[in-house]
Amino acid sequence: MTGVLPIALEEATKVIQALLLSGKEYVCVMRLHSQVPEERIKATLDEFCGTIYQRPPVRASVKRRLRTRKIYYLGLLETDGKNVLFRVGCEAGTYVRKLCYDLGEALGCGAHMRELRRTRAGPFLENEGLVTLHDVSYMFTLWQETSDEGLLRKFIYPMEEALRPLPKIYIRDSAVDALCHGAHLAAPGVLSIETGIKPKDAVAVFTQKGEAVSLATALVSTEEILRMDHGLVAKTQRVLMPRGVYPKMWRSGL
Amino acid sequence: MMPRTKAPWEIERRLVVKAEEETDPRFGQKPNERPPQDYIRFGVINLDKPAGPSSHEVTAWVKRLLSLEHAGHGGTLEA
C-alpha cells in the first residue's frame, strides 16, 4: 500500500486510537481473472455499498471471524481489459484485499487486488498537506539550520487536526484540569457542543482556545446535554493534555 | 438497494452554545501558536507512505529522522 499514513509524534500518539477508528478512502487496482462487461462491474460495485459481511483474509492482524463493515461509497473510475480501477470509502478495518476477492466471487470470474493507495484516513487527505519522507527530512533539517518555525508548520499538523471528524464539546477553563486528572465531564463545565451526538458516541473535548483536552464517550445526546444543569455528560477515555496547563479549580472530596 | 451510510466526513455538524464565558489568556495557547518543541510534541504528519516498507518501518524511520522518543501510525495495520 502507498498513500496517506498519518504519523503521530510523541504526546500526540494518544490520538492514534481516534485515527485507527476513523473511516478510510482508497483507490484500488483490481485484476479480474477474465473480462467482464463494464455495466456488470458497475452493478456489482453498487451491490457492495452499504453494510457488507467480511471475513478477514488469511494474512490479517485480527481474528478471522465474520464481521460487518460499512462501505460508504464504491465507484468505478476506469477499466482497462481485466484491470479495474475503483475508489472506495469504507469503515475502519475493512480489508480491501478481501473486498476485491469477494467482488471477484460476485462477478463469477474471480479477482485479486493488484495495487492500493490510501487517499484518506479520517481528516487526512491525499491532496492536502501530504508529504514524503524526503520532504520531512529536508524541511526538518532546514528548520534546525534556520529556526524558521514556518517550516515545521509545512509538514506537521497539530494533533487537534486528527480529531476533526469527531463531534466536539467545548468546556470552561475551570473544568480543564479536572479532566486532565481523569475526571469525567459534568454538565456545568460545558460551554458549547456540536449537534448530532448520541449516547455512546466517541467525542473530543476541547478548550475554547481549540486545544484538545481528552477523548470521551458521550453518556447522553446533544439535546440532553443542552438541557442538563448537573450530572455527567461524557466519560473520559483518554486524556490528551498534560496536567497543570490550566489551573486546578476543583476541590478534592473531604 | 441498501440505504447508503454517510461517511463520517460527510456528516455536517453545527455548534450550539450552552453558556458563554471568556477563556483566560494566561493559560494554554492555540495549537498553531505552540512553541516549536511543543508543536512537534503535539504534532501529526500526513505522510505519503512509499511502496515496499511496512507502515511500522516507515514510522520507525520518521521517529529516528526527527530524534523522537515516541511515534505511532494511524493507518490500519494492513489493508
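Residues numbered from 1 in each chain as written. Chains lettered and ligands numbered in written order. Predicted model: local features only at pLDDT ≥ 70, side-chain atom pairs only at ≥ 80, totals over all residues. Heavy atoms only, no water.

### Describing the interface of chain B and chain A
Phase 1 of the analysis: The partner chain A presents 85 residues to the 64 residues of chain B that form the contact.
Phase 2 of the analysis: Across the interface of chain B and chain A, roughly 7,100 Å² is buried in total on both sides, 61% from carbon and sulfur atoms.
Phase 3 of the analysis: In terms of surface lost to chain A, no three residues of chain B exceed Trp9(B), Lys18(B) and Asn46(B), which account for 12% of the buried area on that side.
Phase 4 of the analysis: The interface formed by chain B and chain A holds four salt bridges in total.
Phase 5 of the analysis: Measuring nitrogen to oxygen at the nearest pair gives 3.0 Å for the salt bridge that ties Arg117(A) to Asp48(B).
Phase 6 of the analysis: There are 37 residue pairs in polar contact (both at pLDDT 80 or more) connecting chain B and chain A.
Phase 7 of the analysis: For the side of chain B that touches chain A, the secondary structure elements donating two or more residues are β1 (15–17), α1 (36–41), β2 (43–49), α2 (55–65) and β3 (71–73) of chain B.
Phase 8 of the analysis: Among the elements that make up the side of chain B that touches chain A, the one with the highest residue count is β2(B) (seven residues).
Phase 9 of the analysis: In this sheet, β2(B) lies alongside strand β8 (residues 157–158) of chain A in antiparallel orientation, the contact comprising two bridges. (Contact = heavy atoms within 4.5 Å. Buried area = accessible area lost by both parts, 1.4 Å probe. Salt bridge = Lys/Arg side-chain N within 4 Å of Asp/Glu carboxyl O. Polar contact = N/O pair within 3.5 Å; in protein donor to acceptor, adjacent residues only side chain to side chain. Helix = DSSP H or I, 4+ residues; strand = E, 2+ residues; numbered from the N terminus. Pairing = 2+ DSSP bridges.)

### A closer look at helix α4 (residues 133–146) of chain A
Phase 1 of the analysis: The terminal C-alpha atoms of α4(A), which comprises 14 residues, lie 20 Å apart, in line with the 20 Å expected from a rise of 1.5 Å per residue.
Phase 2 of the analysis: Those residues of α4(A) not exposed but buried are Leu133(A), Val136(A), Met139(A), Phe140(A) and Trp143(A). All buried residues of α4(A) lie within an arc of 140° about the axis, which places them on one face of the element. Exposed residues on α4(A) whose side chains face more than 90 degrees from its buried face are His134(A), Tyr138(A) and Glu145(A).
Phase 3 of the analysis: On its buried side, α4(A) packs onto α5 (149–155) of chain A together with α1, β2 and α2 of chain B.
Phase 4 of the analysis: At the exit of α4(A) stands Ser147(A), carrying a positive phi of roughly 60°. (Expected span 1.5 Å × (residues − 1). Buried < 20%, exposed > 50% of the residue type's maximum accessible area, 1.4 Å probe, protein only. Arc of directions from axis to C-beta.)

### Some remarks on the nonpolar core
Within soluble globular proteins, side chains that are nonpolar generally end up buried alongside one another.
Residues and elements named next belong to chain A.
Phase 1 of the analysis: Of all hydrophobic cores here, the largest spans 25 residues; its most connected members are Met30, Leu32, Leu74, Phe86, Val88, Val96 and Leu99.
Phase 2 of the analysis: Listing elements by their share of this core, those giving two or more residues are β2 (24–32), α2 (38–47), β4 (67–80), β5 (83–90), α3 (96–107) and β6 (111–121).
Phase 3 of the analysis: If you tally residues by element for this core, the top one is α3, at five residues.
Phase 4 of the analysis: When residues no more than four places from it in sequence are discounted, the contact partners of Val88 are Lys24, Glu25, Tyr26, Ile71, Tyr73, Leu74 and Leu99.
Phase 5 of the analysis: Counting residues in each nonpolar core, the second largest holds 23 residues, with Ile169, Val203, Met241 and Tyr246 among its members. (Core = buried A, V, L, I, M, F, W, Y, C linked by side-chain atoms within 4.5 Å.)

### With respect to α2(B)
Phase 1 of the analysis: Three or more residues of α2(B) are buried, namely Ser55(B), Val58(B), Thr59(B) and Val62(B). Buried residues of α2(B) fall within an arc of 100° about the axis and therefore sit on the same side. Set apart from the buried face of α2(B) by more than 90 degrees, the exposed residues are His56(B) and Arg64(B).
Phase 2 of the analysis: The secondary structure elements touched by the buried residues of α2(B) are β1 (2–9) and α4 of chain A together with β2 and β3 of chain B.
Phase 3 of the analysis: Backbone geometry just after α2(B) places Ser67(B) at a positive phi near 50°.

### A look at unusual backbone geometry
Phase 1 of the analysis: One non-glycine residue, Lys200(A), lies in the positive phi region at around 80°.
Phase 2 of the analysis: Examined against the element boundaries, Lys200(A) turns out to sit in the loop between β11 (190–194) and β12 (202–206).
Phase 3 of the analysis: A positive phi angle, close to 50°, is found at Ser67(B), a residue other than glycine.
Phase 4 of the analysis: On the secondary structure map, Ser67(B) appears in the loop between α2 and β3.

### Topic: the pattern of salt bridges
Phase 1 of the analysis: Throughout the structure, instances matching the rule amount to 14 salt bridges over all chains.
Phase 2 of the analysis: Between Asp102(A) and Lys98(A) there is a salt bridge; the shortest N-O distance is 3.7 Å. With Asp102(A) and Lys98(A) both in helix α3 and four residues apart, the pair spans about one turn of that helix. In this structure, Asp102(A) and Lys98(A) share a single accessibility class: buried.
Phase 3 of the analysis: A salt bridge links Arg41(B) to Asp38(B); the shortest N-O distance between them is 3.4 Å.

### What to know about the confidence of the model for chain B
Phase 1 of the analysis: In the predicted model, chain B carries a mean pLDDT of 91, and the fraction of residues at 70 or more is 91%.
Phase 2 of the analysis: With a pTM of 0.93, the predicted complex shows an ipTM of 0.92. (pLDDT = per-residue confidence, 0-100.)

### Quick word on the sheet that holds strand β10 (residues 185–186) of chain A
Phase 1 of the analysis: Taken together, the seven strands give an open sheet; going across it, the order is β10(A)-β14(A)-β13(A)-β12(A)-β9(A)-β11(A)-β1(B), and neighbouring strands pair in mixed fashion. Only two strands of the sheet have a single neighbouring strand rather than two, namely β10 of chain A together with β1 of chain B.
Phase 2 of the analysis: Direction of pairing for β11(A) relative to β1(B): antiparallel, over a ladder of three bridges. Considered in β1(B), the bridge of Ser192(A) is made with Val17(B).

### Section: the pairing of β5(A)
Residue and element names in this part refer to chain A.
Phase 1 of the analysis: Pairing between β2 and β5: eight bridges, direction antiparallel. Bridge pairing links Val27 to Arg87 in β5.
Phase 2 of the analysis: Here eight bridges tie β4 to β5, and the two strands are oriented antiparallel to one another. Pairing of Glu78 across the sheet is with Leu85, part of β5.
Phase 3 of the analysis: Where β4 folds back onto β5 in an antiparallel hairpin, the turn is made up of two residues, including Gly81, whose phi is positive at roughly 60°.

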